[in-house]
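Residues per chain, in single letters:
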Amino acid sequence: MTLLMGGVAYDPKVVTIWAGFRDWLRAHDLDYDFVLYSNYERQAEDLVAGRLDAAWNSPLAWLRCERLAAAAGRRVDPLVMRDTDRDLTSVLLVRADSGCATVADLKGRTVALGAVDSPQATLIPATFLRREGLVPGEDVTIRRFDVGVGLHGDHIGGERDAVRALLAGEVDAAAVVDANHLLFGQEGTLPPGSTRVLAQTPPYDHCNMTVVDTAPEEPVRRFGELLLSMSYADPAMRPLLDLEGLSRWEDGRTGGYGALAVAVDETGFYDAEGRVTAPEYVP
Amino acid sequence: MAPRVLDLRGLSFESGAHLLVQRALRDLAPGQRLGVTGADPALEVHLRAWCRRHGHRVRSPETEGERDARAWIERGSADLDRWADAERAGGPSAADTVATPPGHWGLAARGALVESGGPEPPFDLNHRDLVWAEIAPSLYRHAASAQWDPETAVDWGSEFALPDEIERAVVQVMTYLVENEQAALVVPARLLARIHPHFREVMQLLAVQAADEARHVDVFTRRALLSGGELGTSSVSGRESLETLLTEPDFSLASFLLSVLGEGSFLNLLEFLDTNAPDPVTRQVTALARRDEARHVAFGVAHLHHQSTLDPALRSRLRAAVERRHDSLQDTAGLNQDVFDSLVVLAAGEWTPDAIARGWEKVRKLQEEMDDGRQRRLVHLGFPGDEAAELSRLHTRNFM
Ligand SMILES: [Fe+2]
Ligand SMILES: [Fe+2]
C-alpha cells in the first residue's frame, strides 16, 4: 500500500522537492506518494482522519494534529525534522536609534508582527511580550502583516513587510525569526546596523514530519529510516536538500513546541479539541 | 591543543562576519570546536542562525574555561560533503580536453573544480571527435585578431557613378550575398549552441564566424543601398537551397555542406567580384569578406580531415549528404536567374554584344574554378578523383 504524505504548496519549489524525494524514495523500494494542500488546516484534518499517513507540518499544524488526534482517540508522532528546525529563536527588533532598552520600554508603542498564523513572527512573539509583562492589544498596539495566511508563516513576505515598516518609522518594533534577521541584513532589506535586537525568545522547534497511528507501521518506519539516511554528499539529493533548507534530517522530538502551545491557548487559535477558533483567520 | 577562539571585534554578520568564521572553520575537522567572540550585540543571534543554515551546531559557553568566547561552534560537514566528490573539468589548455566531458560539467569553465550533480544542459555535440580540429585554437586567435570595423574598413564615401543597369546588377548580387550570409550566420550559430562548452575553442571560433557573417550582412546591405535604390530579388530556389543547410543536424555534415562546399565555392565568387567589381566599394566589401571566408573554409576542411582519419565511414556519409541534398533540390532551378544574369552584366561592364560575351565567358570560368576548388578539397579529404568530380557536380547550383 502506498504511503501517502501531505505537503503544503507554499511555493512552487515544493513540487520540485517532493517529486525529487519521491523518485529517490521509490528507487529505494518505498511505495510513496504525496498530495499538496493550499493550506495547513485541511492537511491536518486529513491526516487525523486517516486520509494521509504522514504530513510535512508546520509547528502550528503539528499542535493542531496533536489536539485533533487526542480528541479522536488517535495518536500522532513527529517522525523526523530538519536540522534547521531545531532551536530557532525569534527576535524583537527596534531601530538602532530607538530609545527602548528593554521590552518593557515598548509599553504604549506599536509592534509589527507577521501573519496571523505565523508561529515565529506572531504567535510566539505575542506570548513572549505577555511573559515580559506587555499584553498585546492592551499594553502594546499590534500591527499585523498578513501575507500568506493559511501557510503558517512559511511565506516570508509578512516578516519582510514588518521590518520595512520598522525602518520607515511606522512601528516601534518588529518580530522576526533569527534566520530572517540575518537574511534581511545580508540581502540588504536592512542596512547594516540599522536595527538592534531588543530581545530574543527562548529556543523553539519548527516543522516536523508528522505520522498518524492509522498509517501502516513498517512503511512508516522505512520512510523515517530513508529520510534520515539522505546524505548531503549525494549529488542527486543535495539540490533538493538545499531547496528544502536542510543539510540532514534528524529524529523528531516534541519538546520544542511548548511556547507555541501556550501561545495557541492564549490567543485562542485552536481549542483543546483542535478546532480553529482564531478570530480573523481565514486560511 | 586548546580550541581556537576567533575574535570578530566589531564586525557583524550584517557586514560579512561569516567570511571570517568560514575561514576559521576551514582548518577544522568535523566535530572540532571553534570559539567565537566579538563586540556586536547581535553576534549570538546571527551566529546561531548562520550555523544552523550551514550544518554547524552552536552552544553557549558552559565551563569557566569556555568563557573567553561568546559562543562555541561544533563544526559540521555540509560544506565538505558538498565538495567531497567534486572533480576538475579537464584542464584549462586545449591540450587538456577530455574526449567525452560529462553533461553536468555543462557551462563550467574548462579546468574548474566542478561540484558533482546539477543540471545537464542539452549539449549533444559532446564528444571531441564530433567537433574538434587541432587547428581550432589557433584559428580562433587569428579570427579574433582579424576582426574589422564595417564603419572604417570600407571607404563608404568614395566617389563613383555606374550606369543604372550595372548598378542594378551590383545591387542584385549584393541582395543574393546577404541572403547567403544570413544562412552562413544561422548555421554555425545553431551548431555552436549545441557544442559542449568544454570544447570552447570550437565554440569561440564558430561565435566569431557568426560575427563575421553578421558584418558581411552589414557591408553587403550597405553597398546595395549606397545608390539609394531598392534591393534586388530573392527567389524560391535560392532560399530552398539554403533551407537544406539549416536542417542538417549532424555537425560534420553541416560543416561539410556549408563550409567545405558552400563557402568554398563562395571564395571563388568573392574573388570574382573583387576582380570584376565596377566600383571601389564593391571591391572592398568583397575583399574583406573573402579573407574571413578563407578561415571558415579552413576550419571546415581541418575538422573533416581530422574526422576522416578517425572514422573511415565518414566519406560515405559525406557522399550521402551531398546526394540527399541534390535529390531534394533537383526539381528546383538552383541559382536565381537574376543573380546569374547580374554576374554576367557585372563582368561585362557594358551592354555591347562583345562585352556580354566576355562576361558570359568569365562567369563560365568562375563556375569552372568553383568546381576545381570543390574537387581539390574533396580529394584532400580522401575522395578518389572520379568520385570528387561526381560529388562536385552534384553540389547545388546556388553555389552556397
Ligand atoms: Fe560570409
Ligand atoms: Fe562564412
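Residues numbered from 1 in each chain as written. Chains lettered and ligands numbered in written order. Predicted model: local features only at pLDDT ≥ 70, side-chain atom pairs only at ≥ 80, totals over all residues. Heavy atoms only, no water.

Visitor: Can you walk me through the coordination of the iron ion (ligand 1) in this structure?
Guide: Residue and element names in this part refer to chain B. Coordination of the iron ion (ligand 1) by the protein involves Glu 181 (OE), Glu 213 (OE), His 216 (ND1) and Glu 293 (OE), with metal-donor separations of 1.8 to 2.2 Å. What the 4 donor atoms of the iron ion (ligand 1) show is an angle range of 83 to 146° at the metal, which sorts the shape as irregular. Considered as a linear motif, the donors of the iron ion (ligand 1) on their single chain read E-x31-E-x2-H-x76-E. The distance between the iron ion (ligand 1) and the iron ion (ligand 2) comes to 3.5 Å, with Glu 213 serving as a donor to both metals. Taken together, the residues His 216 in helix H8 (residues 200-225) and Glu 293 in helix H11 (residues 280-310) connect sequence positions 77 residues apart. Of the two residues, His 216 and Glu 293, neither departs from the other in class, the shared state being buried. (Donors = N, O, S within 2.8 Å, 3.2 Å for Na, K, Ca; no water. Tetrahedral: all angles 85-135°; square planar, octahedral: opposite > 155°, others 65-115°. Helix = DSSP H or I, 4+ residues; strand = E, 2+ residues; numbered from the N terminus. Buried < 20%, exposed > 50% of the residue type's maximum accessible area, 1.4 Å probe, protein only.)

Visitor: Just to check I follow, could you spell out the side chain of B:Glu263 for this structure?
Guide: All names here are of chain B. With respect to the secondary-structure elements, Glu 263 resides in helix H10 (residues 251-276). With no salt bridge to any partner, buried Glu 263 finds its closest opposite charge in Arg 295, at an N-O distance of 9.7 Å. If near-sequence neighbours (up to four positions away) are discounted, Glu 263 is found in contact with Ala 184, Gln 209, Glu 213, Leu 258, Glu 293, His 296, Val 297 and Met 400. (Lys, Arg positive; Asp, Glu negative; His and termini not counted. Salt bridge = Lys/Arg side-chain N within 4 Å of Asp/Glu carboxyl O. Contact = heavy atoms within 4.5 Å.)

Visitor: Help me out: how do you make sense of the interface of chain A and chain B in this one?
Guide: One widely used convention gives an interface's size as the accessible area the parts lose upon coming together. In this assembly, 27 residues from chain A lie in contact with 20 residues from chain B. Here chain A meets chain B over a buried area of about 2100 Å², counting both sides, of which 50% is carbon and sulfur. When the buried surface of chain A facing chain B is broken down by residue, A:Leu182, A:Tyr232 and A:Arg238 rank first, second and third, together holding 24% of it. Where chain A touches chain B, the interface holds 4 salt bridges. Elements represented by at least two residues in the side of chain A that touches chain B include exactly helix H6 (178-187), strand S9 (195-200) and helix H8 (238-244) of chain A. The biggest single contributor to the side of chain A that touches chain B is H6(A), with 6 residues. Tallied by class, residues from the side of chain A that touches chain B come to 9 nonpolar, 10 polar and 8 charged. (Buried area = accessible area lost by both parts, 1.4 Å probe. Nonpolar A, V, L, I, M, F, W, Y, C, P; charged D, E, K, R; others polar.)

Visitor: Sorry if this is basic, but what is going on with the pattern of salt bridges here?
Guide: Side chains that carry opposite charge are capable of pairing whenever their charged atoms lie near each other. For the structure shown, the criterion picks out 58 salt bridges over all chains. Notably, a salt bridge pairs A:Arg275 with A:Glu273, separated by 3.2 Å at the nearest N-O pair. According to the relative accessible area criterion, A:Glu273 is partly exposed, its value standing at 37%. Overlapping salt bridges bring together A:Arg86, A:Arg248, A:Glu250 and B:Arg57 as one network.

Visitor: Would you explain the domain arrangement of chain A in this entry?
Guide: Residue and element names in this part refer to chain A. Domain boundaries in chain A define domain 1 (3-85 + 206-267) and domain 2 (90-200). On a C-alpha basis, the centroid separation for the pair domain 1 and domain 2 is 28 Å. Taken residue by residue, the interface counts 17 residues in domain 1 and 12 residues in domain 2. For the pairing of domain 1 and domain 2, the buried interface totals around 1300 Å² over both sides, and the portion due to carbon and sulfur atoms is 64%. If you sort the residues of domain 1 by the area they bury against domain 2, Tyr 10, Leu 60 and Glu 266 come out on top, with a joint share of 37%. For the pair domain 1 and domain 2, the interface holds 2 salt bridges. Residues Glu 266 and Arg 130 are paired through a salt bridge, measuring 3.2 Å at the closest nitrogen-oxygen approach. Where domain 1 packs against domain 2, one counts 8 residue pairs in polar contact (both at pLDDT 80 or more). (Domains from an automatic or database assignment. Polar contact = N/O pair within 3.5 Å; in protein donor to acceptor, adjacent residues only side chain to side chain.)

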